[in-house]
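Reading the structure
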Amino acid sequence: MSDNTPADLVVTAFEANRDRMHAVAYRMLGSHADADDVVQEAWLRLSRQDPAAIQNLAAWLTTVVGRISLDVLRTRQARPEASFDGLPDLVVTADDHDPEGDAALADSVGLALLVVLESLGPSERLAFVLHDLFGVPFDEIAQILGKSVDAAKMMASRARKKVRTTERPQAAGRHQREVVQAFLAAARRGDFDELLRVLDPEVKLTIDGPDGEIVVLGATKVAGGARIGGGAATLARTVLVNGLPGLVAWRPDGTPLSLLAFTVVGDRIAGILAVTDPVRLARLDLPDRSS
């Protein structure tokens, strides 16, 4: 005879679904911290429910997590400053040229898909994530959205087309590394023409600095900044940032100076993320300088 109380059984069932809930929220929000908050809120809502009235706990929890995540996305859209970070969480690892490791880091939870999902509206993003990534039936998605089943299907279809037609960033294969190395070499030399050759004309540079986020658009402006900053790093090493080619630079005293992550599409760099905020750099688990 089991000694478990009904409350114990609810806790056990919730913990059994925790990873799935976190995965849903992370793909919706692009932040592990925000995903943790969503899971915690789901627990608070469950604690106020009569478990006996819930026929399918896993489906109920997925629905609740979807609704909470949708609310967060809509709040971000209305008040961009309400977003915790505005950028996906970054996983930085040593670049040991391991193709299997590269593929694992660039899977569906990596930066590539999150970048594409950012182009979707909140409702489209929820319909696509829940149905295409987690197999949630459209009737449940329709209830979360407050729409008809046909409307939910249409949102998922629109999102699917956007995802398919958006050229995704490529993981750090040899060609992508070569493009990034060409950019870095040109930056060190101050070779403006070469920088323009390897940069997409509409390249987007996002700088996450101490004073907030700055976005620079266009190859000419980005190349100008790269020439100015080309010799700033005193010690640097190549890394992978969510499976994409990157670079970490340190100051002489050993504190991190910057982290760069490069989005390579075809033969050119289409996006650069530059993290220079000391607070965010301190939060990252960076490889050792000498390893």
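Residues numbered from 1 in each chain as written. Predicted model: local features only at pLDDT ≥ 70, side-chain atom pairs only at ≥ 80, totals over all residues. Heavy atoms only, no water.

Re the overall build of the protein chain
Using the following cut-off: Secondary structure elements follow DSSP: runs of H or I of four or more residues count as helices, runs of E of two or more count as strands, with numbering from the N terminus. Throughout this description, buried means an accessible area under 20% of the type-specific maximum (1.4 Å probe, protein chains only), exposed means over 50%, and partly exposed covers the range between. Between two residues, a contact is recorded if the distance between any of their heavy atoms is within 4.5 Å. Here the open area of atoms and residues is found with the Shrake-Rupley method and a 1.4 Å probe, where only the protein chains shown may cover a residue.
Counting secondary structure elements, the protein chain contains 12 helices and 7 strands. Expressed as a percentage of its 291 residues, the buried residues of the protein chain come to 45%. Intrachain contacts of the protein chain at a sequence separation of at least 6 include 63% that bridge at least 24 residues. Here the protein chain displays about 14,900 Å² of accessible surface, and carbon together with sulfur accounts for 52% of that area.

With respect to the pairing of strand E4 (residues 235-241)
The following threshold applies: Note on pairing: two strands pair once DSSP finds at least 2 bridges between them.
Pairing of E4 with strand E5 (residues 244-250), which is carried by 7 bridges, proceeds in the antiparallel orientation. Pairing of Arg 237 across the sheet is with Val 248, part of E5. The antiparallel hairpin formed by E4 and E5 contains 2 residues in its connecting segment, where Asn 242 sits at a positive phi of about 50 degrees.

Points about the nonpolar core
Put simply, the rule is: Side-chain atoms within 4.5 Å are what join buried Ala, Val, Leu, Ile, Met, Phe, Trp, Tyr and Cys residues into a set we call a nonpolar core.
Ranked by size, the top nonpolar core spans 40 residues in total, and within it Leu 126 and Ile 141 carry the most contacts. For this core, the elements supplying multiple residues, two or more each, are helix H1 (6-29), helix H2 (32-47), helix H3 (57-78), helix H6 (122-133), helix H7 (138-145) and helix H8 (149-165). Here the element with the most residues in this core is H1; it accounts for 9 residues. Sequence-distant contacts of Leu 126, that is, excluding residues within four places in its chain, are made with Met 28, Gly 66, Leu 70, Ile 141, Ile 144 and Leu 145. One finds Phe 183, Leu 205, Val 216 and Leu 247 within the second-largest nonpolar core, a separate group that totals 24 residues.

Observations regarding the confidence of the model for the protein chain
Rules: As a per-residue measure, pLDDT tells how confident the predictor is, with possible values from 0 to 100.
In this model, the protein chain carries an average pLDDT of 79, and 78% of its residues clear a pLDDT of 70 or more. By mean pLDDT, helix H4 (residues 99-105) is the weakest element of the protein chain at 41, and H7 is the strongest at 92. The low-confidence segment residues 80-86, where pLDDT is below 50, has 10 contacts with residues more than four positions distant or belonging to other chains. Below a pLDDT of 50 lies the segment residues 228-233, which in the model reaches 5 contacts outside its immediate sequence neighbourhood of four places, other chains included.

Some words on the environment of Leu 244
Looking at where Leu 244 falls in the secondary structure, it is placed in strand E5. Distance from Leu 244 to Gln 176, taken between C-alpha atoms, is 8.5 Å for residues 68 residues apart in sequence.

Quick word on H6
Stated formally: To estimate how far a helix should reach, multiply one less than its number of residues by 1.5 Å.
Between the first and last C-alpha of H6 there are 16 Å, a value that for 12 residues agrees with the 16 Å anticipated at 1.5 Å per step. Counted residue by residue, H6 has 9 buried out of 12 residues, so it is predominantly covered. By the burial criterion, the buried members of H6 are Pro 122, Ser 123, Glu 124, Arg 125, Leu 126, Ala 127, Phe 128, Val 129 and Leu 130.

Focus on the pattern of salt bridges
The test is simple: One side-chain nitrogen of Lys or Arg within 4 Å of one carboxyl oxygen of Asp or Glu is enough to make a salt bridge.
With the rule as written, the count across this model stands at 7 salt bridges. A salt bridge links Asp 191 to Arg 189, with the shortest nitrogen-to-oxygen separation between them at 3.3 Å. Exposure remark for Arg 189: the relative accessible area of 55% places this residue in the exposed category.

Quick look at the environment of Leu 259
Tracing the backbone through its elements, the reader meets Leu 259 in strand E6 (residues 256-265). Looking at Leu 259, the relative accessible area reads 1%, which means it is buried. In the structure, Leu 259 is positioned 10 residues away from Ala 249 in sequence and 6.5 Å away in space, judged by C-alpha atoms. Those residues within four positions of Leu 259 in sequence are excluded, and the remaining contacts are Leu 90, Val 92, Val 239, Val 241, Leu 247, Val 248, Leu 273, Ala 274, Val 275, Leu 281 and Leu 284.

Points about helix H9 (residues 174-189)
Over its 16 residues, H9 extends 23 Å from the first C-alpha to the last, a length consistent with the 22 Å expected when each residue adds 1.5 Å. Buried within H9 are the following residues: Gln 176, Arg 177, Val 179, Val 180, Ala 182, Phe 183, Leu 184, Ala 186 and Ala 187. Looking one or two places after H9, you find Gly 190, whose phi comes out positive at around 70 degrees.

Quick word on the side chain of Asn 17
Note the threshold: Within 3.5 Å is the distance limit for a polar contact, defined as a pair of N or O atoms, with the added protein rule that one can donate a hydrogen and the other accept it, and that residues adjacent in sequence qualify only through two side-chain atoms.
Relative to the assigned elements, Asn 17 resides in helix H1. For Asn 17, a relative accessible area of 13% translates into the label buried. Side-chain polar atoms of Asn 17 contact the backbone oxygen of Ala 13, separated by 2.8 Å. Leaving out residues up to four positions away in the same chain, Asn 17 has contacts with Ala 58 and Leu 61.

Some remarks on the packing of H6 against H7
Where we set the bar: Axis definition: a line fitted to C-alpha atoms, limited for helices to the stretch in contact. Angles are taken between N-to-C directions and run from 0 to 180 degrees. For this classification, under 35 degrees means roughly parallel, over 145 means roughly antiparallel, 65 to 115 means roughly perpendicular, and everything else is oblique. For any pair of crossing helices, the crossing counts as left-handed if the nearer helix is rotated counterclockwise from the farther one by less than a right angle, and right-handed if it is rotated clockwise. Only Asp, Glu, Lys and Arg are considered charged in this grouping, and only Ala, Val, Leu, Ile, Met, Phe, Trp, Tyr, Cys and Pro are considered nonpolar; every other residue, Gly among them, is considered polar.
At their nearest, the axes of H6 and H7 sit 10 Å apart, and the two run at 155 degrees to each other. For the element pair H6 / H7, the angle class is roughly antiparallel. The hand of the H6/H7 crossing is right-handed. Listed contacts from H7 to Ser 123, Leu 126, Ala 127, Leu 130 and His 131 of H6 are Phe 138, Ile 141, Ile 144 and Leu 145. For the contact of H6 with H7, the residue count by class is 7 nonpolar, 2 polar and no charged.

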